[in-house]
Amino acid sequence: RFRVRAGARGAGGSGNGGHGVVCRVSKRPDFASSGQWEVVTESQGKQEAAVFDAVLVCSGHHTDAHLPLGSFPGLEKFEGCYLHSRDYKSPQPFMEKQVVVVGVGNSGIDIAVELSHAAKQVFLSTRHGSWVLHRVAESGYPFDFCYISRFMQLLQNLLPLSIISFFLERKLNARFDHTLYGLKPKHRVLHQHLTINDDLPNRIISGRVRVKPNIQEFMETSAIFEDGTREDVDAVVFATGYSFSFPFLEGFKVVENQIPLYKFMFPPDLEKPTLAFIGFVQPLGAIMPISELQCRWATRVFKGLQGLPPPTDMLAEITQTKQRMAERYVKSQRHTIQVDYIPYMDELACQLGVKPNLLTLFLTDPKLAMEVAFGPCTPYQYRLRGPGAWPGAREAILTQQQRVVRALQPQASGHPACSSAVPHILTVLFSIGMIAATLIYVSLSP
Ligand SMILES: Cc1cc2nc3c(=O)[nH]c(=O)nc-3n(C[C@H](O)[C@H](O)[C@H](O)COP(=O)(O)OP(=O)(O)OC[C@H]3O[C@@H](n4cnc5c(N)ncnc54)[C@H](O)[C@@H]3O)c2cc1C
Ligand SMILES: NC(=O)c1ccc[n+]([C@@H]2O[C@H](COP(=O)([O-])OP(=O)(O)OC[C@H]3O[C@@H](n4cnc5c(N)ncnc54)[C@H](OP(=O)(O)O)[C@@H]3O)[C@@H](O)[C@H]2O)c1
């Protein structure tokens, strides 16, 4: 009885078994009792309707380019070319050109860096500035490998956000001074969606990328910036982000990238919980492990193995989450689906009953507990127990650091990874401290 079809755009496109574009998803007339949906798909000009017991919406949150042309006076008289970052494919067309990239999100900085190897000059225009994290952390290990751990999360839970921001900003400024490089925003580092790039400071210091404030006005062949400077410009790449919408989904309107969903997944007001949204979050970390947990929870709800809270409770939770986000993040339509990586995954894991129990682990399997607490928080952690438990999860966690190291070695080697390199005596001391910390962590966690 239980069938789910995943959608991917394009006739015969990959990832959807060739079912084509989803044109319409609507409730069946008997939805209140059946919870069923009618799904109309189109492939090679032919439409087909089918009935489904449940629908997962996985259409991504980059469906529409956000191109705020109205914010740029004079663009109509600009004689150069302009495009949105989603239409940028390669630096070749910009060879020896003067290019402005607008926006310092991940797209803007990635494109500015790449263009700087081909263009005559790249200007990177930003209205608010941005903190820029680096992917390569201490000793060359990946940043998330070293810093996205339960131990680090515990520190974050215990310390005020301003203190954590202070230390993180110091660290980022030690790499390159954000004021010196013209990128320092007024907001604190944890109040924005993070931008990650290792190459930008190098391209700025070598003069290939010049940071500029917001564009005040376009002239025929130039741009005037808010600091009064004027530069000749041949092309503009608007890396101004995305918005999402669900044109195929009847009755679901997205306003300024906001849609009320319980835990960013479930509409709170459906008679039957047979619709879930997957991947409509923006974490500091990969979306895929989160989407996996979301799918695991959604399918259990669809199957009736778990229920959702009453609509009033879900609405109250949605309002609280929205308020917390508004208090923390700079007001912008790019900050409507922000989640903290481990806390949000733990929230989902609690719903599923798969959150690792650190206290039990420390008492029964201290070696594993140490890696779960101090090592990178990988999705295997949510396969140790509960529905969907995987017998290989323990081994996968204990060997994860070796796999990262091995990928960097010309030949397989037993070179230990950064957090495994902690001396044994420290490990023992940490173990003792960890048991105490675990108690605090457990009492502070959802
Ligand atoms: C330039 C760029 C770089 C990124 N880099 C990273 C990164 O390094 N790490 C990371 O974690 N995230 C990154 N992201 C975010 C990234 O988009 C997501 O992590 C990931 O692609 C999300 O997967 P998804 O399946 O939810 O959405 P998507 O990958 O966007 O997939 C959605 C799919 O749904 C299809 N679709 C939409 N509407 C319909 C319809 N009506 N009918 C049928 N199919 C439909 C689309 O065609 C698409 O195939 C990046 C985003 C961008 C824009
Ligand atoms: N390598 C990667 O991992 C990678 C690469 C690309 C994208 N991504 C992901 O894809 C998503 C989209 O990233 P994105 O960079 O395309 O978009 P984004 O994060 O939304 O950034 C948009 C940028 O455009 C600016 N902007 C928006 N409207 C503007 C206006 N009217 N005038 C001036 N500036 C304006 C924003 O400035 P304000 O901050 O001032 O609003 C911001 O700097 C993110 O989740 C990102 O992490 C990841």
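Residues numbered from 1 in each chain as written. Chains lettered and ligands numbered in written order. Predicted model: local features only at pLDDT ≥ 70, side-chain atom pairs only at ≥ 80, totals over all residues. Heavy atoms only, no water.

**Points about the overall build of the protein**
Right, on to step 1. A count of helices and strands for the protein gives 14 helices and 17 strands.
Right, on to step 2. When each of the 446 residues of the protein is scored for burial, the buried share is 46%.
Right, on to step 3. Long-range contacts, defined here as pairs at least 24 residues apart, represent 66% of the contacts in the protein between residues at least 6 apart.
Right, on to step 4. Summing over all exposed atoms, the protein offers an accessible surface of approximately 21,900 Å²; the carbon and sulfur share of this is 55%. (Helix = DSSP H or I, 4+ residues; strand = E, 2+ residues; numbered from the N terminus. Buried < 20%, exposed > 50% of the residue type's maximum accessible area, 1.4 Å probe, protein only. Contact = heavy atoms within 4.5 Å. Areas by Shrake-Rupley, 256 points an atom, 1.4 Å probe, with all protein chains shown as cover.)

**Focus: helix 13 (residues 400–408)**
Right, on to step 1. Listing the buried residues of helix 13 in full gives Gln400, Gln401 and Val405. Looking straight down helix 13, one finds its buried side chains confined to an arc of 140°; they lie on one side. (Arc of directions from axis to C-beta.)

**Details of the side chain of Arg203**
Right, on to step 1. When you line up the elements, Arg203 lands in helix 6 (residues 200–205).
Right, on to step 2. One buried charged side chain, Arg203, makes no salt bridge at all; its nearest oppositely charged neighbour is Asp199, positioned 7.7 Å away.
Right, on to step 3. Within polar-contact distance, the side chain of Arg203 engages the side chain of Ser116 at 2.8 Å.
Right, on to step 4. Beyond its immediate sequence surroundings of up to four residues, Arg203 is in contact with Val113, Ser116, His117, Arg208 and Val209. (Lys, Arg positive; Asp, Glu negative; His and termini not counted. Salt bridge = Lys/Arg side-chain N within 4 Å of Asp/Glu carboxyl O. Polar contact = N/O pair within 3.5 Å; in protein donor to acceptor, adjacent residues only side chain to side chain.)

**Quick look at helix 8 (residues 311–328)**
Right, on to step 1. With 18 residues, helix 8 ought to run about 26 Å at 1.5 Å a step, and its terminal C-alpha atoms sit 26 Å apart, in line with that.
Right, on to step 2. Inspection of helix 8 places Met314, Glu317, Ile318, Thr321, Met325 and Arg328 among the buried residues, and these make up the whole buried set. Along the long axis of helix 8, the arc covered by the buried residues comes to 105°, so they all point the same way. Exposed side chains of helix 8 directed beyond 90 degrees from the buried face belong to Thr312, Ala326 and Glu327.
Right, on to step 3. Structurally, helix 8 contributes buried residues whose contacts are with helix 5 (161–175) and helix 9 (341–352). (Expected span 1.5 Å × (residues − 1).)

**Observations concerning the sheet that holds strand 7 (residues 98–102)**
Right, on to step 1. Across the sheet, five strands lie side by side as 6-15-7-8-11; this open sheet has parallel pairing. Each edge of the open sheet carries a strand with a single partner, namely strand 6 (81–84) and strand 11 (209–212). The average undirected angle you get between the axes of adjacent strands in this sheet is 20°. (Pairing = 2+ DSSP bridges. Axes fitted to C-alpha atoms, helices over the stretch in contact; angles between N-to-C directions.)

**A short note on the confidence of the model for the protein**
Right, on to step 1. Per-chain confidence: the protein averages 90 in pLDDT, with 88% of residues scoring 70 or above.
Right, on to step 2. Low pLDDT, under 50, characterises residues 1–17; the predicted model gives this stretch 29 contacts beyond four residues in sequence or across chains.
Right, on to step 3. Here residues 419–424 is a poorly scored stretch, pLDDT under 50, and it has five contacts once near neighbours within four places are set aside; other chains count. (pLDDT = per-residue confidence, 0-100.)

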